[in-house]
Amino acid sequence: MSVNNTTNPSTTEIDRSCCVPLLALFGGAALWLVVGSVFGLIASIKFHAPDFLANCAWLTYGRLQPAADDALLYGFCLPAGLGVALWLLARISLTPLRGAIIPVVAANLWHLGVLAGLIGIVIGDSTGFVWLEFPRGGSVPIFFAYLLLALWGMMIFAGRRERALYPSQWFLVAALFWFPWIYSTANLFLLTGPVRGVVQAVIGWWFANNLLVVWTGLVGLGAAFYFLPKLSGRPLQSHYLALFAFWTFILFATWCGIPSGAPVPAWMPTLSAAATALLIVPLLAVGLVGWRTVWGAVRSNWDNGPFCFIGTGLDCFCLAGLMLMAMGCPKISPVTQFTWFGPAETQLRLYGFFAMTMFGAAYYLLPRVVGIEFPFSKLMRVHYWISLAGIALFVVPLAIGGIVQGLKLQDPNVAFADSTKAMLPFLRVSTTGLLFILLGNLLFFVNVIGLTFLWKITLLKKFLAFVKSPLEPGSADASLRHDQEVQA
Amino acid sequence: MKNGFLVFLISLVALGGSWCGFVLAPVSQLGADKQTTILNSSDPYPIGRPGEANQGLQVYRANGCAACHTEQVQQSGVACDVILTDNGKNPSAVYQACGASGMVREYRAWPVRLPITVVQGVNKESADDAVDKITTAGGKAEIHIIATGSDIARGWGRRHSVAEDYLYDSPVQLGSLRIGQDLADVGARLPDANWQLIHLYAPQSMVPGSAMPPFRYLFQVRKIGPVPSPDALNLPKEFAPPSGYEVVPTAQARELAAYLLSLRADVPLRDAPFTQPLAVSKP
Amino acid sequence: MSDETKSNPPQPSDTGPAVMRSTVPISIILLTLLLLFLGMVYFDHHGGWFDSQVYGPYTSADQLESYQPRSGEAAILAQGKARYEQVCGLCHGLDGLGKPGQAPPLAGSEWVDTKGFERLTHIPLAGVNGQLSVKGQMWSLSMPAMGAAMSDEELAGVLTYIRSSWGNKGGPVTADEVKAARAALGTHPQPMSGDQMSKLPE
């Protein structure tokens, strides 16, 4: 199909076609983001006061922390990522989203699934697998919701008017089918027909790595490679480097995940360690693409909210990648394993990289998609700085503290209790960081809900205007009324 | 790339590769139901957990204990000790063999009371060497295999955890953070069910300064009946209920304690060998 | 913060941002190749070549084998057991209960649980042909000299294992005793019958 500019839909038409699905996805996502932050904050406070809310089984640390993590990942990251992916695919393919009712249904199904899953965890029905804690009542709706949304994304992609591919499309198309495969494998092999023994742990690690590192990387990088050049007005540098980054990323990052020293035959951790070392190649490639694209344009775009969010996101991607490489290196891993260094890297990746990128994308696309400005757009700057402070205050103490804890754990002459005690000052700072993160999330939530509210008011106004408007001759309703009068 | 199908194909190959490597291959290699035997014996390992302990695993899972505790012992190396078991007909030659390679300090009296460690913490080649020297001198010596590592030194296990240790667990609760101690061998380390129950109810009473939250909802505080319950916990004063009341564990608490007592990692296996220690005196 | 739509310069095209087509720096490709090579070397050294028994810190199946505890009686038993399962267990059963029509049982057998060792060492070294009574049952089969190809230490280990397994309480058989029996039988021993065996001292 040749590109015919006169018949191409306008950017506005493409944007508006995505309106309801994106509002459905982001509205719920913003809510789960806040819920997850609240859970995470309560869980973190329990370290400073173990008796805090200890009498309630639903709020015990072992249930609350996984609930907080899953609310962030399944409640916010996945739906926000899918929403941005759908919109990006529509925009780049010059194809509006048709049949928007299905993605809206899917989005609502998704949020119901997350609700069921989180309730399942806090009442004690967690599956026991890290990052896969949702019981069947949550995982099944989520899976089918994703399938529907991915199908819509593939339809947009397959029916695209512009046949030449822009780099972001590779990343997003790969992400669309990545999740169903890993999620169905994990659920089938771990929960439906459980494999024996430690193989459960291996598949669990494979799944968690492919979701947290590969999937978020694909969607986040796809978004970054679109927004950074677009917002800075520079071309992407370059097509082949981005292609190289894509290939090496999916080839190498998918094999990371098995920790060194795991109770599995040595070939598995060895393969993972080699893959983690090879991760430097896509990291370098992504860093080069990002740096070369925006070099010289950073100062002039200092005021541009989405640009700052996404640029920071890409920086955090590279940092989180370096932390992951450190954790995978067999010389360093005895110190970082089983310590807070791991959660620090996860948070840096999920929140510092992915969530910040999604924030930037949302602040750019939601006003265009809905056609209304954010009610509190000045809060964007506050949100950015609070979130950045929160990330720094959370990740840095936990990373340093994790190394301190690890060094003490490695020394058998140090009593175990000392390694936990040594963490307390670091945990205090990270709890403060979580508070900042919660505040930033609240600001985002307020903006998104405010936008939804304004949109609903606009709809209401339109509906009222339609009801009140005098009927014009020649309109369908007028002729219908005329026929009715005639028959009567 | 212009071709969308090519993108899809490459992604398929990439994910398919790691799926084969980390899903298919481990399932085919380790997935079959396989008991092994304890090293140098025909006793099978592992034997399944008794019923209450199996229920306890579900309590462990439901309360997210794996968020703070791991169940995997790590081993950073392996070393050999050489134990002298027989002086033979020529004790002085054997002493020379031991002392010639600088293996033992001056003994006040020789022959010493056997068996005795003469070499500690060397690799296999050096140990074989030492045994050869001793055997040539007419004595008899044994090599003992010792696992080394900080987990082993802390007494958290005798050797690293292997796949057979988790054969009958579903879900496997390996854990990823050590905010609390590793629990792979806790059944051998703390075999007292009462200790476990009191620790669950009031962790700070057993481990001062512990960050573990009290699991009071697994227990029932009730009025003492005509006779105090035999299950009632014997708590220190600061944590005890008001007078006239007793703390009794619920079924869940007892199951969890049974599960913790069933956790052991102290038998040698072919893939995690170590020599069961005898009463050996050191130089 | 200024509204982004007001300050953004006009976009190059409606499809999205423009893309440059400069080539990938050769250095990053060379780095990839180098790391792939180093990764393969690392796997060769530490991967245990996909062996399901090799766990870290062991790096190869050979190394694991060398660290299996060997000294003392336990080691002799382990080796004897392994050899028994390879050679004798096919007919006499891994549980020593024998197989009807194939081989008599060894568990509780009066030929195994003897005070001495002469009769027992002769059976694998010479073989059996003809009738033999085991635990009250008459067996009329022939057994080749399965132990003739083994070394003295190996056969001693196998016999020690048989004599201490499945309830048998006989003492160990040493390599010297096997050597003596081999010497007594000469270079080409004929398979013995049950009568000939019973005539041997225990």
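Since the structure is predicted, the reported quantities are computational estimates derived from the model, not experimental observations. (Residues numbered from 1 in each chain as written. Chains lettered and ligands numbered in written order. Predicted model: local features only at pLDDT ≥ 70, side-chain atom pairs only at ≥ 80, totals over all residues. Heavy atoms only, no water.)

(A) Local environment of the overall build of chain A. Per the secondary structure count, chain A includes 16 helices and zero strands. With the principal axes as the frame, chain A shows a C-alpha extent of 100 × 55 × 50 Å. Counting across all 488 residues of chain A, residues that qualify as buried make up 63%. Nonlocal contacts in chain A, meaning residues at least 24 apart in sequence, comprise 83% of its contacts between residues at least 6 apart. Total accessible area on chain A stands at roughly 17200 Å², and carbon and sulfur atoms take up 70% of it. (Helix = DSSP H or I, 4+ residues; strand = E, 2+ residues; numbered from the N terminus. Buried < 20%, exposed > 50% of the residue type's maximum accessible area, 1.4 Å probe, protein only. Contact = heavy atoms within 4.5 Å. Areas by Shrake-Rupley, 256 points an atom, 1.4 Å probe, with all protein chains shown as cover.)

(B) Broad picture of the pairing of strand 7 (residues 245–249) of chain B. Residue and element names in this part refer to chain B. Burial runs high along strand 7: four of the five residues are buried. Taken together, the five bridges between strand 6 (residues 219–223) and strand 7 define a ladder with antiparallel strand orientation. What sits directly across from Lys 223, in strand 7, is Tyr 245. (Pairing = 2+ DSSP bridges.)

(C) Representation of the interface of chain C and chain A in the model. If you look at the interface, chain C gives 36 residues, while chain A gives 46 residues. Where chain C abuts chain A, roughly 3500 Å² becomes buried across the two surfaces, and 68% of that area is made up of carbon and sulfur atoms. There are zero salt bridges connecting chain C and chain A. Here chain C is connected to chain A by eight residue pairs in polar contact (both at pLDDT 80 or more). Listing elements by their share of the side of chain C that touches chain A, those giving two or more residues are helix 1 (4–7) and helix 2 (26–46) of chain C. (Buried area = accessible area lost by both parts, 1.4 Å probe. Salt bridge = Lys/Arg side-chain N within 4 Å of Asp/Glu carboxyl O. Polar contact = N/O pair within 3.5 Å; in protein donor to acceptor, adjacent residues only side chain to side chain.)

(D) Highlighting the nonpolar core. Counting 202 residues, the largest nonpolar core has A:Tyr74 and A:Phe76 as the members making the most contacts within it. The element contributing the most residues to this core is helix 7 (residues 199–232) of chain A, with 23 residues. When neighbours within four sequence positions are excluded, A:Phe76 is seen to be in contact with A:Ala29, A:Ala30, A:Trp32, A:Leu33, A:Ala71, A:Ala355, A:Met358, A:Phe359 and A:Phe444. With 28 residues, the next largest nonpolar core counts C:Leu106, C:Leu132, C:Val178 and C:Met192 among its residues. (Core = buried A, V, L, I, M, F, W, Y, C linked by side-chain atoms within 4.5 Å.)

(E) Quick peek at the state of the cysteines. Per the counting criterion, the structure on display carries zero disulfides over all chains. The thiol sulfur of A:Cys56 is not disulfide-bonded, and the nearest other cysteine sulfur, from B:Cys65, lies at 16 Å. (Disulfide = S-S within 2.5 Å.)

(F) Seen up close, helix 9 (residues 267–278) of chain A. Look at helix 9 of chain A: 17 Å from first C-alpha to last across twelve residues, which is about the 16 Å you get at 1.5 Å a residue. For helix 9 of chain A, a buried count of ten out of twelve residues is recorded, marking the element as mostly surrounded by other parts of the structure. When helix 9 of chain A is considered as a whole, its buried residues turn out to be A:Trp267, A:Met268, A:Pro269, A:Thr270, A:Ser272, A:Ala273, A:Ala274, A:Ala275, A:Thr276 and A:Leu278. Looking at the packing, one finds that the buried side of helix 9 of chain A touches helix 7, helix 8 (239–253), helix 10 (280–294) and helix 11 (305–328) of chain A, helix 1 (4–30) of chain B together with helix 2 of chain C. (Expected span 1.5 Å × (residues − 1).)

(G) Representation of the packing of aromatic side chains in the model. Residue and element names in this part refer to chain A. This model, assessed by the stated rule, comprises 47 aromatic pairs over all chains. Across from the ring centre of Phe 157, 4.3 Å away, lies the NZ or CZ of Arg 160, which sits over that ring. Sitting over the ring of Tyr 364, Arg 368 keeps its end group 3.8 Å from the ring centre. (Phe/Tyr/Trp six-rings, centres within 6.5 Å; stacked < 30°, edge-to-face > 60°. Lys NZ or Arg CZ within 6 Å of the ring centre and 35° of its normal.)

(H) Fine view of the interface of chain B and chain A. Every contact between the two is made by 66 residues of chain B and, on the other side, 77 residues of chain A. Between chain B and chain A the total buried area reaches about 6000 Å² when both faces are included, carbon and sulfur atoms providing 68% of it. Run the count over chain B and chain A and you get one salt bridge. Residues A:Asp51 and B:Arg216 are paired through a salt bridge, measuring 3.4 Å at the closest nitrogen-oxygen approach. The interface formed by chain B and chain A includes 20 residue pairs in polar contact (both at pLDDT 80 or more). Of all elements in the fold, only helix 1, helix 2 (51–62) and helix 5 (150–153) of chain B reach the threshold of two or more residues within the side of chain B that touches chain A. The leading source of residues in the side of chain B that touches chain A is helix 1 of chain B, at 20 residues. Residues that form the side of chain B that touches chain A fall into these classes: 35 nonpolar, 24 polar and seven charged. (Nonpolar A, V, L, I, M, F, W, Y, C, P; charged D, E, K, R; others polar.)

Any functional reading would require information that these geometric values do not contain.
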